[in-house]
Each structure stands twice: as C-alpha cells, then as structure tokens.
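# A look at the structure
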Amino acid sequence: MSVEEPLDVLSEADPDTERRLGAFPNPPLDDCPVVFLGFDGPRVIFAMPEGEIRIELASKIGTMLRTDIFACEAGQSFLTYWRDSDDKFQRDLATIWFNRQCRHAGKWDAGRVMRNLGVWPGGPGVTVLHRGNEVEFRGPDGQVVVKSVTEALKARSGPLYRLMPAAPEPGRACGPEVGRWLRDHMDAWSFEAVGEDGLTGADVICGWVGLALLGGVAPFRVHVLLHARPGSGKTTFLAFVHGLLSALAGEVMNSFTDAGFRKEISGMARPVVVDEAEGATGDGLPGAVELVLNTLRLMSTGEGASRKQHDVAQTAVGAVLLAAADPPKLDQALATRVAEVRMLRLRTGDDGGGAADGPPPRPRLSDTDLATAATRARGAAPGLLGRALGLAGRYREDVLAIKAALVDGGASPRNADLIAALAAGRRLILSDLALDEDQAAEEARIWGALLAERAEADGEVNAGQAALAHLLGWDSGLVHGGRRASIGELVEATLGGDPMSAKDHRGDLKEHGLRIDFDLSPDGRPGPWLLVANQHPGVERIFGRTRWKDHRRALGYLDDAGPDFATWAAPPLTFGIGRKSRSIAIPLTPWLEKPFRPRSGDRSEAIP
C-alpha cells in the first residue's frame, strides 16, 4: 500500500456489541458531509458529499457507508461517531441513523424540479448561474453569493441543482464596445433587410445572442430559424455565433433524433445552436426537426418544457438557433415564438454583387480572418456572459417597456413578446443606458417592420383549416409528370380542375380513407364533398404523428369558419375492401380555385 493511501483503521465490530458504544450517537447534521433529501417507500434519497444525488434501497445502505457514501476524508472522519469502546465501527447503528435522517427529511417529492447547467431565475430579482460544481446567486443589488452544489442542495424546498462537470465561468462584464464589434462583424455576411430603418437579419441574431445568454431568466425565449442560401457562409457564421455563446452553450448540433435532442437539453437553461436543421424528406413523415418543434414551443414561455425521468422532473428552457438551406415550415403555434431570418449569398465586389436594394459589397473574408474572428469571439464569451448576468434586471425592464409601446401601437401581445425580447436583447449587447418611455417608443417603431412580418405569420387559421391543409398536402404516393402528386392534386384531378387533366382517382383516394361525394348535404347544400373516414389506416398514417391525431375533432373546427365551410357526419360507408367507417364530409367548393361544374358522368358513390 502506498503512503498516499490511508490505512483502514476503522474495522467493524462483532454482531450484538452495540452496548460498547454507550448512548446512541446523534451527531450534528452540520458535521455530516451527506445531505439528506427524503425517502420514497423502501428507497432513500440523499446527496453525496460532492453533490451527486443518489436514490438507493435503504436495506443496502449499510454495505455502502464506508466504501462508497462516506469514502471521502470528511466522511471517514464523520463515521468515527460510531466507534465503540474497542475502537470498532458499529455499522448497523450508523445505518439506522442514516436511514432515519432520510425519513426525517420527509417524503420525496418526485415533482421537485432538477436543474442542470445554465442561467435560472431565483427569488425576486435573483439570477442563478449553475456552472457545474458551483451555483452562483446574483441579487438585485449586484451582490454575488457562490455556493457549492452540496450547499445549494441543503435548501428544504425549491429546485435541486444537479452536480455536473465544471463549465466555463463568466468573466468580468465587458463593455458595449465588444457588442458593437460583434454586431459590425456580422455584416461580413449578407442578410435580408428588415424594413427601411437599417435593421437586417444580423440585428435579429444580435438580439437573440443577448436574450439567449440569459437562459431561463428571459421572460420570453425567442428561437431563430435561419434560412441560409447556398454560398451564404452559414457554417462559418454559426461558428462565429457559437463562439460568442461558448461560455454557456454546448457544442453545435448537426445530427440528432427527437429523443436525443430532448435528452441533450433536459434540465438545461442555455442557448442551443443547431446546424443542418433541414425539413422532412418527401416520404410524408415528419423529420427529426419537425419532431422537436413542439419542444421548442414549450421552451419559449413560462417554466419551459418539463420532462419526467427516473423519479425527477427536469425542465428545459432557453433559446435555440436553427440554420438550414431548406428548413421546416412553421405552424401557427411556432410563428409567434420563432423569428425567421434570411441569409443571402455572400456578395463581394469581385463577383458583381451588391444589388441596389441590398447592402454594399464587401471584401470576402479569408479563412484566416474567419478563424481569427471565431477565436476572438470565444475570448469575448466570458465577458459577454458576465455582461448579460449583470444586466439581467435591466433586460427584463426593457422587455416590459418595449412590449407596452408595441401593444399601445396595436400589436398583438404574442407578437409584442417576440419583438420586445429581440429588441431588448440587442440593447443588452450594444448599450449601457437605461431605457426611457420615448426610447421604448422608438425601439417599437424601428422594429415595426419585423412586427408586420410577425402579424402576417400569425394570421388566424383555425385548427380545422390547418388539419385540412395538412391532409391535402400529403404525398399520395402516385407519380405524375416525373413527381409525386399530393392528395389535393388527386382531388382536383377527380373534379376536373387540375393540370393533371381530368381523371377519376376515387379508387386511389379510398386507399387513404377518403371519398368524394357529389350529392346534396342533409341541409340541402350541393357538393362536391370530401369524406374523411373516422377510422382508417390511411387516415391514421396522415394524422398519426401530428397535433391533429383526433382528426375528426380537428376537422370539425371548420364549422367555425362560417356556413360555407360547415361539415356534416356521413353514414357508414366502405373505404376500400373490408374497410367500413363513418366519416366527416367537408365542403370542397370554398377551397377550389375554379368553380366546380359537374360532368355528365359524375354521380355519388357514397350516399344512397
């Protein structure tokens, strides 16, 4: 045995020798390096001296006391409370005391939130930075209190901070000159203009960087979807932005599954950068990015996206930057939580770039210049994080002031949340000055162009219209003219109003659980009608992995669009051999580009 290894001088006592210990030991809990968190049936929950949370069977604790739970130097010293008069260790009595303390801590709350790395809200005005092995509490007066994870776990209520590998720490808060440098450097890439006041997509990204550094402290976390054309320099731009976030963010993700993405962000409150966030392929099934969009929606507001795993609840909050050449289409729920930015092909004086309505051409940066900028961005990241933490309170005040100005100007609260978050994030990066009422109104005016885009994206489309659009856009599997036709194209072809030329696809539609009827509805309205089976494998494939799984109920919301859109319930009909089901009849006339004119051979297959 080497001299560095302590000798095991704490040998165990023989059975039934507890009397040698005298009175039952009850040492002060402050002397114990273990934190007792509770019990759940036969299991006990506690935190190791280093801060790791453990859930173990109470019956097995005795075998782990000396060699596992109290293996550290402070633990071995603490166990001497159970030395008997013969200097032997009374393991059973120590085990009873240990399990008793877990019982005294109370019933384990399986819903108690577990927090991993990132920036979290604390009490009123308090910002919490979990940096792996320590937790930093910043009060509204600027006072900073740093606790080890073990010390933070001693709080009897509230969130639990999980021990993680040590993460980069914030540096001394940088000044606005660093923010102006990073904003100016973003002009090395070409972004679509936002309005006529000089804003571009680079300002949106700049605002996103500011709010993303605040993790869960930002009251509204905005995501950004970057549409990057080929030749735009997307990869190098993401490397630059990620460098700015490197004091807090994980690595750039460019390949993932839905489950993998949720596991990566569980319990986190920090920025996420996703490259190659391409939309689904043409197989009709949602891709990995489509599947994570709902998680992104939940991350943007309130307590974030909650996930229950192994008797603990983990909440993911934060802002995500996704970039792709062909990104997914956003639904209405995401439109007011995601800002879409367009990155154009790099334009320089050498390649004839520089359109009259775009930014002037710039010299193309060399690989050396790009690498230097990314290195400088990483060097600035700790200071940027320190700046964000120090100005967290001012950021929240700016958001409220700008949102109020936007709402006063007629913006919807949902759109105002998104715009105010980005505008305040940009101010956090670029300015040390507090925001007054007039300046808030000016910010609202400047960002008005992006607000108009948000208002258009937030157009009122009820669930029935969205579900029907999804149905009609579904890949039918039939090839026409060298490409695969959608179900909507089959419907139009059957009705004689499609470039595919008039063709009866009613047999093909039945394979998807659909029929077309030309007769009058029970209330006397003429067809044509699209009948969607209530139960059919084809319909389940179309809606099974969407938010319209109950498609019958979702399509029923078409009734809210007015009498011309009202649906009705059709009697049981056959949808292919051996398939019989009731269905919902949807009027097709309001959706056809050309008025429907029945052909002489048209007749109903559906209603007797």
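Refer to the structure printed above.
Residues numbered from 1 in each chain as written. Predicted model: local features only at pLDDT ≥ 70, side-chain atom pairs only at ≥ 80, totals over all residues. Heavy atoms only, no water.

Let us look at the overall build of the protein chain. Helix and strand counts for the protein chain stand at 20 helices and 24 strands. The buried share of the protein chain, taken over its 608 residues, is 50%. Summed over its atoms, the accessible surface of the protein chain is roughly 28,500 Å², and 51% of this surface lies on carbon and sulfur atoms. (Helix = DSSP H or I, 4+ residues; strand = E, 2+ residues; numbered from the N terminus. Buried < 20%, exposed > 50% of the residue type's maximum accessible area, 1.4 Å probe, protein only. Areas by Shrake-Rupley, 256 points an atom, 1.4 Å probe, with all protein chains shown as cover.)

Trans peptide bonds make up the majority, and among non-glycine residues the majority have a negative phi. Along the chain, Gly-527 connects to Pro-528 via a cis peptide bond; the corresponding omega equals 10°. Tracing the backbone shows Pro-528 in the loop between β21 (514-517) and β22 (529-533). Notably, Asp-87 is not glycine yet its phi reads approximately 60°, a positive angle. Tracing the chain through its elements places Asp-87 in the loop between α2 (73-78) and α3 (91-104).

Both strand β23 (residues 568-574) and strand β24 (residues 580-587) contribute to a ladder of 5 bridges, which runs antiparallel. Within β24, the residue paired with Leu-573 across the bridge is Ser-581. As consecutive antiparallel partners, β23 and β24 are separated by 5 residues, and within that stretch Gly-576 has a phi angle of approximately 95°, a positive value. (Pairing = 2+ DSSP bridges.)

What follows is about the sheet that holds strand β5 (residues 118-121). Sheet architecture is open: 4 strands sit in the order β5-β6-β7-β8, paired in antiparallel fashion. In this open sheet, the two strands that pair with only one neighbour each are β5 and β8 (144-148). Direction aside, the axes of adjacent strands within the sheet are offset by 20° on average. In this structure, β5 lies alongside strand β6 (residues 127-130), joined through 4 bridges in antiparallel fashion. The residue of β6 that forms the bridge with Val-119 is Leu-129. Of the strands in this sheet, β5, β6 and β7 (134-138) touch helix α11 (residues 367-390), which is tilted by about 45° from β7. (Axes fitted to C-alpha atoms, helices over the stretch in contact; angles between N-to-C directions. Contact = heavy atoms within 4.5 Å.)

A few words on a negative patch on the surface. Taken together, the side chains of Asp-408, Asp-436, Glu-437 and Asp-438 make up a negatively charged region of the molecular surface. Here Asp-408 lies in helix α12 (residues 392-408). (Patch = residues over 30% accessible without salt bridge, like charges linked within 9 Å, V, L, I, M, F, W, Y side chains within 5 Å. Salt bridge = Lys/Arg side-chain N within 4 Å of Asp/Glu carboxyl O. Lys, Arg positive; Asp, Glu negative; His and termini not counted. Charge placed at Lys NZ, Arg CZ, Asp CG, Glu CD.)

The next point concerns the pattern of salt bridges. On inspection of all chains with the given rule, the structure shows 24 salt bridges. The salt bridge partner of Arg-131 is Glu-136, with a shortest N-O separation of 2.5 Å. We note that Arg-131, like Glu-136, is buried. The partner of Arg-394 in a salt bridge is Asp-398, and the shortest N-O contact between them spans 3.4 Å. Of this pair, Arg-394 and Asp-398 both sit in helix α12, separated by 4 residues, roughly a single helical turn. The same class applies to Arg-394 and to Asp-398, which are both buried. Among the ionic contacts, a cluster of salt bridges with common partners joins Arg-131, Glu-134, Glu-136, Arg-138 and Glu-169.

In this section: the side chain of Ser-431. Within the secondary structure, Ser-431 sits in the loop between α13 (413-430) and α14 (437-446). Its relative accessible area of 15% is what places Ser-431 among the buried residues.

Our next topic: helix α8 (residues 258-265). Helical periodicity: at 3.6 residues per turn, an α-helix aligns residues three or four positions apart in one direction. Within α8, burial applies to Asp-258, Phe-261 and Ile-265. Summarising the axial view, the buried residues of α8 lie within an arc of 65°, below the 170-degree limit, and thus occupy one face. Immediately downstream of α8, the backbone of Gly-267 shows phi near 75°, a positive value. (Arc of directions from axis to C-beta.)

Under the 1.5 Å per step criterion, the end-to-end length of helix α7 (residues 234-245) is 17 Å for 12 residues, consistent within 8% with the ideal 16 Å. Taken across its 12 residues, α7 has 9 buried, putting it largely inside the fold. Listed in full, the buried residues belonging to α7 are Lys-234, Phe-237, Leu-238, Phe-240, Val-241, His-242, Gly-243, Leu-244 and Leu-245. (Expected span 1.5 Å × (residues − 1).)

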